[in-house]
Amino acid sequence: VRALGTLALLRAAPELRRGLVLVVDATAASVELVAVRDCLLLASRGLSIPSEESGPLAARDEVLPAVRMLLGSLRSAEQGATVALSRVVVLGSQAVFEAISAELARVTGAPVARLESHPSITLSALDASTREAFLASCWPLAGALLEDEAALRGDGSAIDFLVPTGLIDVAARTRQRVLL
C-alpha cells in the first residue's frame, strides 16, 4: 500500500511525473524504496529498521545498501542498459533527510530533494511541529488517499482505500493520529 500511495503522490505532482524517480519513504520503523519511470511503478522494496536502532543513522545504514541493491536489480532487468535516475525524492523527517541525502546523491548520481509540498495537499494551516510530524510520517497515507484516475476501474476491482483494514505498520498509528 505504501508503494501505491507514493505512486499516487508522484502522479499528482507534474514536476515528478517524468523520468526515472527513486522515492525513499522513511519512517522511524521502516523504509520503502519505490522506483517509478514516467508514472509507472518499476520496483518497490520494503525494509524494517530494528526498533532498538531507530533513528536517522540507523535509517542511513539500512537505506544505502538497499538502494545499491535496487539499482543493481533495475540494471539487470534493463539488460545492461544504463539506469540514470532523474531525481531522488525523500519522504521523511528533516533529520533522516540530512543523514542520507549526501550519500544518496553520491550513490545514485542524481539530485536528492525532500518532498515538502504537494499540489494536492495543503499544509499551510498546520503549525510547525504538526507540519514536521506530517512530513516525517504521513506522506504515504496521504498519497494513498488521493484519487488516482489511473487506478480507478469501472468493474469495481480497484483497491478501495476508504475501507479500513488492520494497521499495516507501526508508523500507521502516527499517520492516523496526525490526519485525524
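Structural notes, computed from the coordinates. Keep in mind that this is a model prediction, so the values were computed, not measured. (Residues numbered from 1 in each chain as written. Predicted model: local features only at pLDDT ≥ 70, side-chain atom pairs only at ≥ 80, totals over all residues. Heavy atoms only, no water.)

1. Regarding the overall build of the protein chain
Selection criterion: Working definition: helices are DSSP H or I runs of at least four residues, strands are E runs of at least two. Numbering for both runs from the N terminus. Type-normalised accessible area, obtained with a 1.4 Å probe on protein chains alone, sets the label of each residue: buried when under 20%, exposed when over 50%, and partly exposed for intermediate values. Only heavy atoms matter for contacts: two residues are in contact if any of them lie within 4.5 Å across the pair.
The helix and strand inventory of the protein chain stands at six helices and five strands. Along its sequence from the N terminus, the protein chain presents helices and strands in the succession α-β-β-β-α-β-α-β-α-α-α. Looking at the 180 residues of the protein chain, the share that counts as buried comes to 42%. When contacts within the protein chain are restricted to residue pairs at least 6 apart in sequence, long-range pairs at least 24 apart make up 57% of them.

2. Concerning the pairing of strand β3 (residues 40-48)
For clarity, the cut-off: In this description, strands pair whenever DSSP reports at least two bridges between them.
Relative to β3, strand β2 (residues 30-37) runs antiparallel, the two sharing eight bridges. Paired with Arg37 across the bridge in β3 is Leu40. Once β2 ends, the chain turns through two residues before running back antiparallel as β3, passing Asp38 with a positive phi of about 50 degrees.

3. Points about helix α2 (residues 56-77)
Filter applied, for reference: Under the convention used throughout, the expected extent of a helix is 1.5 Å for every residue step, that is, one less than its residue count.
Under the 1.5 Å per step criterion, the end-to-end length of α2 is 31 Å for 22 residues, consistent within 8% with the ideal 32 Å. Among the residues of α2, those classed as buried are Ala58, Ala59, Val63, Leu64, Ala66, Val67, Leu70, Leu71 and Leu74.

4. Quick notes on unusual backbone geometry
The phi torsion at Asp38 lies on the positive side, around 50 degrees, for a residue other than glycine. If you trace the backbone, Asp38 turns up in the loop between β2 and β3. The residue Cys39 is not glycine, and still its phi comes out positive at about 70 degrees. Take Cys39: its relative accessible area is 16%, and that puts it in the buried class.

5. Focus on the side chain of Thr108
To keep things clear, this is the line we draw: Under this definition, polar contacts are N or O atom pairs within 3.5 Å; protein pairs additionally need one hydrogen-donor-capable and one acceptor-capable atom, and for neighbouring residues in sequence, both atoms have to be side-chain atoms.
Positionally, Thr108 belongs in helix α3 (residues 94-108). Looking at Thr108, its side chain comes within polar contact range of the main-chain oxygen of Leu104, at 2.6 Å. Once residues within four sequence positions are removed from consideration, Thr108 is found in contact with Leu22, Val67, Leu71, Leu85 and Val88.

6. Quick notes on the pattern of salt bridges
Using the following cut-off: Between Lys or Arg on one side and Asp or Glu on the other, a salt bridge is scored when a side-chain nitrogen of the former is within 4 Å of a carboxyl oxygen of the latter.
Under the criterion given, the structure shown has four salt bridges. The partner of Glu116 in a salt bridge is Arg114, and the shortest N-O contact between them spans 3.8 Å. Given the relative accessible area of 36%, Glu116 is considered partly exposed. Take Arg114: its relative accessible area is 10%, and that puts it in the buried class. Beyond isolated ion pairs, a larger network of salt bridges with shared partners links Arg114, Glu116 and Glu132.

7. A few points about the packing of α2 against α3
As a reminder, the rule being used: Angles here are taken between N-to-C directions and fall from 0 to 180 degrees, while the axes themselves are lines fitted to C-alpha atoms, restricted in helices to the stretch in contact. Should an angle fall under 35 degrees it is called roughly parallel, over 145 degrees roughly antiparallel, and 65 to 115 degrees roughly perpendicular, with every other angle called oblique. Rotating anticlockwise by less than a right angle from the far helix to the near helix defines a left-handed crossing, while the corresponding clockwise rotation defines a right-handed one.
Contact geometry of α2 with α3 gives a least axis separation of 9 Å together with a crossing angle of 25 degrees. Judged by the inter-axis angle, α2 sits roughly parallel to α3. Judged by the twist between their axes, the crossing of α2 over α3 is right-handed. Contacts between α2 and α3 involve Pro56, Ala59, Arg60, Val63, Leu64, Val67, Arg68 and Leu71 on the former and, on the latter, Ala95, Val96, Ala99, Ile100, Glu103, Leu104, Arg106, Val107 and Thr108.

8. Quick look at the sheet that holds strand β5 (residues 112-114)
Sheet architecture is open: five strands sit in the order β3-β2-β1-β4-β5, paired in mixed fashion. With one partner strand each, in any of the chains shown, β3 and β5 form the two edges of the open sheet. Neighbour to neighbour, the strand axes of the sheet diverge by 20 degrees on average, direction disregarded. In the sheet, strand β4 (residues 87-91) pairs with β5 via three bridges, with the strands oriented parallel. Paired with Val88 across the strands is Val112, a residue of β5. Along the sheet, α2 makes contact with β1 (20-26), β2 and β3, crossing β3 at roughly 150 degrees. The sheet contacts of α3 involve β1, β4 and β5, and relative to β5 the element is tilted by about 160 degrees.

Interpretation note: all reported values are geometric properties and have no functional meaning in isolation.
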